[in-house]
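Secondary and tertiary structure notes
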Amino acid sequence: CLPANQERLATGKLATVQFHPSAQVVMTAGHDRSVSLFQVDAIKNPRIQSIYLESFPIYKACFSVDGEQVIATGTHHKMFFVYDMMSGSIIPIQKVRGVEERFLRNFEVSPDGSFMLLTGTSGYLHLLSMKTKELISTMKVNGRCTASAFTPDSSKIYSYSKEGEVFIWDVRSRKCLHKFEDEGSLEGKCIAVSKNNQYVACGSASGVVNLYTTDVCLKENHPKPVKAIMNLVTSATCVTFNPTTEILAVASRETDEAVKLV
């Protein structure tokens with residue numbers, strides 16, 4: 001296959017590559033301060049458009065669930081941008097009232113499209129309305145939160161702390177339902193919940209990815225993983241399930257070609 005972004009190769013590190021939820025379009029975004037959209041036809045992969053965000057190296061970009069917006073956070077900024085693809089406008093969100101953070105980097109969008117979860121410092125998690133980008137509520141984990149994932153029905157959030165604990169939150173009440181320790185984790189890095197809500201995968205700094213069943217996670221404080229995946233030798237920085245929950249991808253950005261499909 002041709003490179004998806006061959007019509008406009010990035011000049012800096014790519015931070016995000018994501019397929020559009022409904023169209024044959026792929027987005028790239030990264031440290032060269034640009035977001036680009038390409039039509040994926042495998043013949044030419046023509047570029048649809050690129051937007052440039054001045055002095056704003058992108059840490060993460062993500063499509064909204066309806067595919068009409070792109071949200072982008074920066075590497076060292078407390079603001080973020082919303083790119084409205086329907087109107088072609090770039091909307092800066094300078095300040096979210098009630099969110100006191102030096103940097104806003106990591107975030108998740110709920111599968112039902114109604115929430116945006118910002119990961120703050122010191123264990124704070126800020127739940128925003130996707131529609132208004134206003135703060136609904138703030139939750140706090142013990143220690144520092146490194147990664148979060150919504151369940152497929154958007155009713156719960158799994159938050160993984162740097163200390164290796166996973167907190168399970170109820171989205172409606174914003175109460176902590178349960179917490180458990182990820183077995184053998186020295187430092188939590190990434191987490192994913194499968195689309196059928198059957199499994200939770202936790203990746204840690206040692207490179208081990210533990211796979212749990214969700215029913216065990218909700219009951220036990222020291223659950224046993226169904227499987228411990230030991231294939232990565234550097235820190236596991238990405239875990240994600242395919243839509244049918246038959247394949248789990250585990251990857252490390254710390255070394256070349258460290259991508260495994262389980």
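Residues numbered from 1 in each chain as written. Predicted model: local features only at pLDDT ≥ 70, side-chain atom pairs only at ≥ 80, totals over all residues. Heavy atoms only, no water.

For the protein, the name recorded in an unreviewed UniProt entry is U3 small nucleolar RNA-associated protein 18 homolog, with Rynchops niger as its organism. Quoted verbatim from the Subcellular location (unreviewed entry) field of the UniProt record, the comment on the protein reads "Nucleus, Nucleolus". Reading the Sequence similarities (unreviewed entry) entry of the UniProt record for the protein gives the comment "Belongs to the WD repeat UTP18 family." (UniProt positions renumbered as here; feature names shortened; annotations may be inferred.)

**With respect to the overall build of the protein**
Per the secondary structure count, the protein includes one helix and 23 strands. Scaling as 2.2 N^0.38, a compact globule of 262 residues should have a C-alpha radius of gyration of about 18 Å, and the protein matches this with 18 Å. When each of the 262 residues of the protein is scored for burial, the buried share is 48%. Taking all contacts inside the protein whose residues are at least 6 apart in sequence as the whole, residues at least 24 apart take part in 40%. Here the protein displays about 13200 Å² of accessible surface, and carbon together with sulfur accounts for 51% of that area. Taking the average place of the 28 positive charges on the side chains of the protein and the average place of its 26 negative ones, the gap between the two points comes to 4 Å. (Helix = DSSP H or I, 4+ residues; strand = E, 2+ residues; numbered from the N terminus. Rg over C-alpha atoms; globule rule 2.2 N^0.38 Å. Buried < 20%, exposed > 50% of the residue type's maximum accessible area, 1.4 Å probe, protein only. Contact = heavy atoms within 4.5 Å. Areas by Shrake-Rupley, 256 points an atom, 1.4 Å probe, with all protein chains shown as cover. Lys, Arg positive; Asp, Glu negative; His and termini not counted. Charge placed at Lys NZ, Arg CZ, Asp CG, Glu CD.)

**Observations regarding the UniProt feature "repeat: WD" (unreviewed entry) in the protein**
Feature annotation in UniProt assigns "repeat: WD" (unreviewed entry) to the following positions: residues 149-179. In residues 149-179, the share of helix is 0% and the share of strand is 58%. The end C-alpha atoms are 14 Å apart.

**Let's talk about the sheet that holds strand S12 (residues 135-140)**
With respect to topology, four strands assemble into an open sheet ordered S9-S10-S11-S12, the strand pairing being antiparallel. For this open sheet the edge positions go to strand S9 (107-109) and S12, each flanked by a neighbour on one side alone. Strand-to-strand twist of the sheet, defined as the mean angle between neighbouring strand axes without regard to direction, takes the value 20°. As paired elements, S9 and strand S10 (residues 115-119) share three bridges and run antiparallel to each other. Looking at S10, one finds that Glu108 is bridged to Leu117. (Pairing = 2+ DSSP bridges. Axes fitted to C-alpha atoms, helices over the stretch in contact; angles between N-to-C directions.)

**Examining the sheet that holds strand S18 (residues 199-204)**
Spatial ordering of the open sheet is given by S17-S18-S19-S20, a layout of four strands whose pairing is antiparallel. Bordering the open sheet on either side are strand S17 (188-193) and strand S20 (227-229), each of which pairs with just one other strand. For this sheet the average axis-to-axis angle between neighbouring strands, irrespective of direction, equals 20°. Judged from the three bridges that link them, strand S19 (residues 209-213) and S20 form a sheet pairing that is antiparallel. The residue of S20 that forms the bridge with Asn210 is Ala228.

**What about the side chain of Ser161?**
When you line up the elements, Ser161 lands in strand S14 (residues 156-161). Taking the relative accessible area as the measure of exposure, Ser161 reaches 0% and is therefore buried. Residues contacting Ser161, with those up to four places away along its chain left out, are Asn142, Arg144, Cys145, Thr146, Phe167 and Gly188.

**Some thoughts on the pairing of strand S11 (residues 124-129)**
In terms of burial, S11 is a largely internal element, five of the six residues being buried. Looking at chain direction, S10 and S11 are connected through five bridges and run antiparallel. Each residue of the ladder has a partner; that of Met116, found in S11, is Leu128. Hairpin connection of S10 to S11: four residues between the antiparallel strands, including Ser122 at a positive phi of 55°. One ladder, built from five bridges, connects S11 with S12; its direction is antiparallel. Looking at the pairing, Leu128 lines up with Leu135 of S12. The hairpin turn running from S11 into S12, its antiparallel successor, is five residues long, and Lys133 in that turn takes a positive phi close to 60°.

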